[in-house]
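An overview of the molecular structure
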Amino acid sequence: MGCGVVADYGHLPAILDTPGLELAALMDPDPLRLALVASKFGNPPAFGTSDEFFGVGLDAVLICSPAGAHLENVLAAANHGVHVLCEKPLAMNDQEAEMAIEAMAKSGKMLFTGFVYRFSPVALQIKDWVQDGVIGDVRSLRLIYIWDLHGQFEREPDGEWIESPRWHGRMVEGGPMVDCGVHQIDLARWWLGQDVEHSSVAAAWVSNYEAPDHVYLHMDHALGAHTMVEMSFTYGHTVKEPLPHFSYHLIGTGGVIRYDRDGYILEARTGQKTMTVPGASEKNFHAMHAAFSEALRTGDPGHLPSGRDGLIATQLARTATDQAISQRAWFSSRVSISGT
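Please read these numbers as outputs of a predicted model, since none were measured by experiment. (Residues numbered from 1 in each chain as written. Predicted model: local features only at pLDDT ≥ 70, side-chain atom pairs only at ≥ 80, totals over all residues. Heavy atoms only, no water.)

This part covers the sheet that holds strand β4 (residues 83-86). Across the sheet, 3 strands lie side by side as β3-β4-β5; this open sheet has parallel pairing. Sheet topology places β3 (60-63) and β5 (111-113) at the edges, where each strand pairs with a single neighbour. Each strand of the sheet is rotated relative to its neighbour by a mean of 15°, with strand direction disregarded. Pairing of β4 with β5, which is carried by 3 bridges, proceeds in the parallel orientation. Paired with L85 across the bridge in β5 is F112. (Pairing = 2+ DSSP bridges. Helix = DSSP H or I, 4+ residues; strand = E, 2+ residues; numbered from the N terminus. Axes fitted to C-alpha atoms, helices over the stretch in contact; angles between N-to-C directions.)

A cis geometry characterises the amide bond from K88 onward to P89, with omega recorded as -5°. Position of P89 among the secondary structure elements: in the loop between β4 and α5 (94-107). The phi torsion at N43 lies on the positive side, around 55°, for a residue other than glycine. Its location among the elements puts N43 in the loop between α2 (31-40) and β2 (46-47). Judged by relative accessible area, N43 falls into the exposed class, the value being 56%. The backbone phi angle of H150 is positive, close to 65°, even though this residue is not glycine. Residue placement: H150 occurs in the loop between β6 (138-146) and β7 (153-155). (Buried < 20%, exposed > 50% of the residue type's maximum accessible area, 1.4 Å probe, protein only.)

Counted by the stated rule, this structure contains 0 disulfides. Between C64, a cysteine without a disulfide, and C3, which holds the nearest cysteine sulfur, the sulfur-to-sulfur distance is 8.2 Å. For C86, which is in no disulfide, the shortest distance to another cysteine sulfur is to C64 and amounts to 8.3 Å. Given a relative accessible area of 0%, C86 falls into the buried group. (Disulfide = S-S within 2.5 Å.)

The next thing to look at is a negative patch on the surface. A cluster of like negative charges, contributed by E154, E156, D158 and E160, occupies part of the molecular surface. Looking at where E154 falls in the secondary structure, it is placed in strand β7. (Patch = residues over 30% accessible without salt bridge, like charges linked within 9 Å, V, L, I, M, F, W, Y side chains within 5 Å. Areas by Shrake-Rupley, 256 points an atom, 1.4 Å probe, with all protein chains shown as cover. Salt bridge = Lys/Arg side-chain N within 4 Å of Asp/Glu carboxyl O. Lys, Arg positive; Asp, Glu negative; His and termini not counted. Charge placed at Lys NZ, Arg CZ, Asp CG, Glu CD.)

Turning our attention to the sheet that holds strand β9 (residues 196-204). Strand order across the open sheet formed by 8 strands is β9-β10-β11-β6-β12-β13-β14-β15, with mixed pairing between neighbours. The open sheet has two edge strands, β9 and β15 (274-278), and neither has a second partner. Taken pair by pair, the neighbouring strands of this sheet meet at an average axis angle of 10°, ignoring direction. The pairing of β6 with strand β12 (residues 245-252) spans 8 bridges and is antiparallel. If you follow L141 over to β12, its bridge partner there is L250. Packing against the sheet, helix α6 (residues 121-131) makes contact with β6, β12, β13 (255-260), β14 (265-270) and β15, and its axis sits at approximately 10° to β14. (Contact = heavy atoms within 4.5 Å.)

Set out below in structure tokens:
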């Protein structure tokens, strides 16, 4: 459901390549986009409405529609009794997310959130190292993704420069922590197996939006570990040659784990040795859909994030963004009052 960019480059190729999955139908309200994507992926039955779509008889549905349509799509899937893998965010707010989770629970079908970062070989290796105690007890995590979101401005065919619709849309929807930071929030909870007990935020505004475009989220976990997530859409957003930075750093009582996408370096350094393994991209749609196929076959979710995982990560990201906005407003009012 939804045949946009993420379905085109990520989900649909993975579905076609995954044993146990069959692309049974497509749905998108845009007839031109629907026809284009259908022709690209083998011309499966393609529909403009959900009634027609579910009418073909489905076991599961992948929801890749815009965020504002997620609740409607999940409720339709629950009503038709099919399992769901839904792109993040699960819904536009906590109340809608709870409605989606409750509806799927009542239907007796599984609901998963599409946190594709979990399925990178890098994330899976870190999960194994943490569980095996390779670096002792993890006390600190630094998860950093600072980049330009493909640039704030783009050139039209006639040569005119305009603000990128993608950049504008992501900032209006909540900015980098809500859009991308949810992945790192989910990874921290998943790697540690610990909930977040307290969080705080600091932020900066390089562009002129309500939401901050460079955000630092601090999270204290239930058993004492601390995670700092740094997210940015304005790291090089107006430069000719942007240089994004993506890294994970985990500090434990017996060593450190480091991943850097620049060179795809993944290593664990301990008092006994340094273990270096092949790195990889932070996303792996094929592995996520293999896990989805296995969950549909066995009923075992494996590493798939639940709907509740999706709600918690987005809740933390949105709360942090709202707090940053409130703090900025308070600071601005104090400056106005003091006249300095």
